[in-house]
Amino acid sequence: MPPSSPAEPNSDGRQDPPPVPDRPADDAEADPTDAEAEPTDAEAEPTDAEAEPTDAEADPTDAEAEPTDAEADPTDAEADPTDAAEDAAATTLGAVREPQRLHPLTLLLRVGTSLPALVIILLPILRNPGSTENVTSLVLGALYGVFALPAILLQYWRFSYRITPKQIVIQSGVFNRKNRSIPIERVQNIQIERNLVARLFGIAKVKLETAGSTSTEGSLEYVHQDEARKIRQVVRSFQRDAEGSDAAAANADAEDAADKDTLLDMPLRRVLLSGAFRFSLLYLAVIFTVLELFNPEALVERVLRARGRMEWVSEIVFSHPALAILATVGAAIVLGWLSGIGVHVARYYNFRLWLDGDKLRKRHGLFTVTEGTIPLDKVQALILRTNPFMRAFGWYELKVQTIGLDVEEQGHRVIAPFAGAERILELARQVRSVQLPESFTRVSRLTIRRRFIRYTAVLAALLLPAVYFWPAGWLHLGGVVLPWWGFGLVPFILGWAVLQYRNHMYASGEDGFYIRRGVLSHYLWILPVEKFHVFHATASIFQRRLGLKTLFVDTAGAATFEYPEVIDVPAAEADAQFDTLYRRFRRLYRGRVEAATGAPDTRLAPDERPHLPVDEAPE
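Per chain, residues are indexed from 1 in the order of the written sequence. Since the coordinates come from a predicted model, pLDDT governs what is reported: local features require at least 70, and pairs of side-chain atoms require 80 or more to be given and counted, while whole-chain, interface and lining totals use all residues. No hydrogens and no water enter the side-chain calculation; it runs on all heavy atoms of the structure.

Some remarks on the sheet that holds strand S8 (residues 351–356)
Put simply, the rule reads: Two strands qualify as a pair provided DSSP detects at least 2 bridges between them. In this description a helix means any DSSP run of H or I spanning at least four residues, a strand means any run of E spanning at least two, and both kinds are numbered starting from the N terminus. Lines fitted to the C-alpha atoms define the axes, with helices restricted to the stretch that makes contact. Angles between their N-to-C directions range from 0 to 180 degrees. Contacts between residues were defined by any pair of non-hydrogen atoms, one from each residue, lying within 4.5 Å.
Across the sheet, seven strands lie side by side as S6-S5-S4-S10-S9-S8-S7; this open sheet has antiparallel pairing. Strands with a single pairing partner mark the edges of an open sheet, and in this sheet they are strand S6 (218–224) and strand S7 (262–266). Sheet twist, expressed as the mean angle between neighbouring strand axes with direction ignored, is 15 degrees. Sheet topology places S8 next to strand S9 (residues 359–364); five bridges connect them, and they run antiparallel. In the sheet register, Arg 352 faces S9, and the bridge partner there is Arg 363. Contacting S7, S8 and S9, helix H16 (residues 421–431) runs over the sheet at an angle of about 140 degrees to S7.

Have a look at this one:
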């Protein structure tokens, strides 16, 4: 319990002594006139002076229920407010401090998830019941019943979770027990997922993501959907209490915020349009999966010769191979386009983004509905992505890079899947102040030569061994070994190097650093100065010969393959940019230290640090 506030002075200017914390309740009901005689009873709050004296020593719980009982015992009235908030939050969730189990339907869903493996095990028996070679399948099926099903039951029974004002504790494991403790203040996102089956049963999966983690820190699969929302509310209330804000704000209905502060809505027509600019190879995975389960030759023969309707297709395929190749490529493009639309609709159907206090919240999904939260103070960078087709029509995608790495989204979180340039900038300014520079600087033209030589060397390393080991009886086009024709890609390599040069630019502003890169996927990174973690300039042995350097600017949560770097900058310009970024970061850091502590930064140079006067030694 925190210490009581100092006593108010009496009319004669004296202050009363502090109250006795363990005073009996009978002594608390003294006559109002005793308040002047006994200083210990005068410790009521100033707001309590207008209340009835007879109610002065009411129980604190009654003070919350009846306004007329506001004259609670001052020692009780000054109880720690976080305790009251914790009790209120705990009441919201139920027995939150006691270990909780997952929803019982979790057992049914886990058994259903394991059934495909059982079907594959028993597939030989289903295809040929009378075969004597089914002993292995029978043994594996028996082992499934003896070990797999009890393991699923034990894993469910040995899994529990509880939420306290300080941490989320998840206990799991049958033989090797794991006790995972997640501090409340480190929880960055509580994502609620509901796939089609979970929505039918009214349950949800809760994923806990923390700052700096490379995967989901904790997963509750599954709980009731109402329980999932209550978990998110309770964690938010504890986080707000730790930050010193009003605990009652934790019980605000998020749906009201969605209706009031909606930032982006995507109807089905817009989702379909955005999917039309995407391309996916998901259908290839489906085709290979089907071929693994069935005989490919028999499947193709049945399709081509089904009731004689497809014989003309087979005749064209075998008589005109070039036409068959073109038809295959065309079919692949169409299937990739259609599967891209399907994947995009399944992911972003009914997309909604809204502002909830200091957090962005989003909900989307067709088969799996996902609800996530993005704290604005955890955003490290803004990323605008587009491709040549989207760019031609002025469409962009907006992502944010957060401290926690989301593997499914390659380290980035999409907050606007598809919108015009102006709308994207409006949404970006909801996250942080953004002012795009008027002009960008291209990297050195020498990067064209470096990329062309590097890509050509890789192509030659692949083709020359194939030329050497190519069998004499294999395909020769025009009397030339087929791999030699691969060097016809050299002009395309040169064109690709030129496109990479034209799309690789950078700019420096007072508020951050801006980098543009990419051809098929074009990215614009907006890196605020205050979010810099590491920035440095490097030069390889080949770059040093040409007087070039690469400038790296790293922030927390940066993805591995989509890295903000400026390649092949003239060495003098790279050093100048490095010094500029360092001075801006140092000035910002020094200002923040002085604002927070009222003292200069101790990392200043020794001659710049403030010195205390030294008393002369007495003679």
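Examining the pattern of salt bridges
Selection rule: The rule for a salt bridge is simple: a side-chain nitrogen of Lys or Arg has to be within 4 Å of a carboxyl oxygen of Asp or Glu.
The final tally for this structure, using the stated rule, is 23 salt bridges. Through salt bridges that share partners, Arg 194, Arg 232, Arg 236, Asp 356, Arg 361, Arg 363 and Glu 371 make up one connected network.

Considerations on the confidence of the model for the protein chain
Our working rule: The predictor's confidence in any single residue is recorded as pLDDT, a number from 0 to 100.
Predicted confidence across the protein chain gives a mean pLDDT of 75, with 67% of residues reaching 70 or more. Predicted confidence for residues 1–95 stays below pLDDT 50, and this span has 92 contacts to residues more than four positions away or in other chains. Throughout residues 245–259 the model reports pLDDT below 50, and contacts reaching past four residues in sequence, or to other chains, amount to 19 contacts.

Remarks on the side chain of Glu 397
Note the threshold: Each residue gets one of three labels from its accessible area relative to the maximum for its type: buried under 20%, exposed over 50%, partly exposed in between, using a 1.4 Å probe on protein chains only.
Assignment of secondary structure puts Glu 397 in strand S12 (residues 395–402). Note on Glu 397: relative accessible area 4%, which makes it buried. Filtering out sequence-adjacent residues up to four positions away, Glu 397 remains in contact with Arg 278, Tyr 348, Ile 383, Leu 384, Arg 385, Met 390, Val 414, Ala 416, Pro 417 and Ile 424.

Some remarks on the pairing of strand S4 (residues 187–194)
For S4, a buried count of eight out of eight residues is recorded, marking the element as mostly surrounded by other parts of the structure. Sheet topology note: the S4/strand S5 (residues 203–210) ladder contains six bridges and is antiparallel. Residue pairing across strands places Asn 189 opposite Glu 209, the latter belonging to S5. The sheet contact formed by S4 and strand S10 (residues 369–375) spans three bridges and is antiparallel. Bridged to Glu 193 within S10 is Thr 370.

Details of the packing of helix H17 (residues 446–468) against helix H18 (residues 490–502)
Defined as follows: The handedness criterion is simple: a crossing whose near helix is rotated anticlockwise from the far helix by less than a right angle is left-handed, and one whose near helix is rotated clockwise is right-handed.
The interhelical angle for the contact between H17 and H18, taken along N-to-C directions, is 145 degrees, at an axis separation of 9 Å. The two elements H17 and H18 cross, and the hand of that crossing is right-handed. Contacts between H17 and H18 pair Thr 447, Ile 448, Arg 451, Phe 452, Tyr 455, Thr 456 and Leu 459 from the former with Val 490, Ile 493, Leu 494, Trp 496, Ala 497, Val 498, Gln 500 and Tyr 501 from the latter.

Comments concerning the pairing of strand S13 (residues 412–420)
For S13, the buried fraction is high: eight of the nine residues fall into the buried class. Relative to S13, S12 runs antiparallel, the two being bridged by six bridges. Note that in S13 the partner of Gln 401 across the bridge is His 412.

Concerning the sheet that holds strand S3 (residues 178–183)
Taken together, the three strands give an open sheet; going across it, the order is S1-S2-S3, and neighbouring strands pair in antiparallel fashion. Of all strands in the sheet, those bounded by a partner on one side alone are strand S1 (160–163) and S3. For this sheet, the mean inter-axis angle between neighbouring strands, taken without regard to orientation, is 15 degrees. Note that S1 and strand S2 (residues 167–172) share four bridges and pair antiparallel.

Notes on H18
This is how it is decided: One less than the residue count of a helix, multiplied by 1.5 Å, gives the span that helix is expected to have. This arc is taken over the directions from the axis of the helix to the C-beta atoms.
A rise of 1.5 Å per residue sets the reference length of H18, with its 13 residues, at 18 Å; its end C-alpha atoms lie 19 Å apart and thus fit the reference within 8%. Among the residues making up H18, those that are buried are Ile 493, Ala 497, Gln 500 and Tyr 501. Burial along H18 is one-sided: seen end-on, the buried residues are contained in an arc of 100 degrees. Seen from the open side of H18, the exposed residues pointing more than 90 degrees away from its buried face are Pro 491 and Phe 492. Where the residues of H18 are buried, they touch strand S14 (441–442) and H17.

As for the nonpolar core
The nonpolar side chains of soluble globular proteins are, as a tendency, buried together. Selection criterion: Nonpolar core, defined: a set of buried Ala, Val, Leu, Ile, Met, Phe, Trp, Tyr and Cys residues in which side-chain atoms within 4.5 Å join the residues together.
Membership of the largest hydrophobic core comes to 37 residues, with the highest contact counts inside it found for Leu 360, Leu 382, Leu 398 and Ile 415. In this structure Leu 382 touches Lys 399, Val 400, Ala 428, Val 431, Arg 432, Val 434, Leu 524, Trp 525 and Ile 526, once residues within four positions along its chain are discounted. If you look at the next biggest cluster of nonpolar residues, it comprises 22 residues, including Val 223, Ala 228, Val 234 and Val 235.

Here's the deal with the environment of Gly 495
Within the element layout of this structure, Gly 495 appears in helix H18. Along the primary structure Gly 495 and Ile 448 are separated by 47 residues, whereas in three dimensions their C-alpha atoms are 9.2 Å apart.

Looking at the packing of aromatic side chains
Here a ring pair, both rings aromatic, is described through the centre-centre distance and the interplanar angle of the planes. Which entries qualify depends on this criterion: Pairing of aromatic rings covers Phe, Tyr and the six-membered ring of Trp, with a centre-to-centre limit of 6.5 Å; geometry is then stacked below 30 degrees between planes, edge-to-face above 60, and tilted otherwise. Counted as over-ring charges are cases with an Arg CZ or a Lys NZ within 6 Å of the ring centre that also lie within 35 degrees of the ring normal.
Under the criterion given, the structure shown has 11 aromatic pairs. With centroids separated by 5.7 Å and ring planes inclined at 35 degrees, the aromatic side chains of Trp 484 and Phe 487 adopt a geometry described as tilted. Its relative accessible area of 24% is what places Phe 487 among the partly exposed residues. Taken together, the ring pairs connect Phe 277, Phe 393, Trp 395 and Phe 418 into an aromatic cluster. The aromatic ring of Phe 440 is capped on one face by Arg 516, whose charged end is 5.2 Å from the ring centroid.

Considering unusual backbone geometry
Note that the residue after Glu 221, namely Tyr 222, is joined by a cis bond; omega there is 10 degrees. Assignment of secondary structure puts Tyr 222 in strand S6. Of note in this structure, Asn 350 is not a glycine but carries a positive phi near 55 degrees. Structurally, Asn 350 is set in the loop between helix H14 (321–348) and S8. With phi around 65 degrees, Asp 568 is a residue other than glycine that occupies positive phi space. Inspection of the secondary structure puts Asp 568 in strand S22 (residues 565–570).

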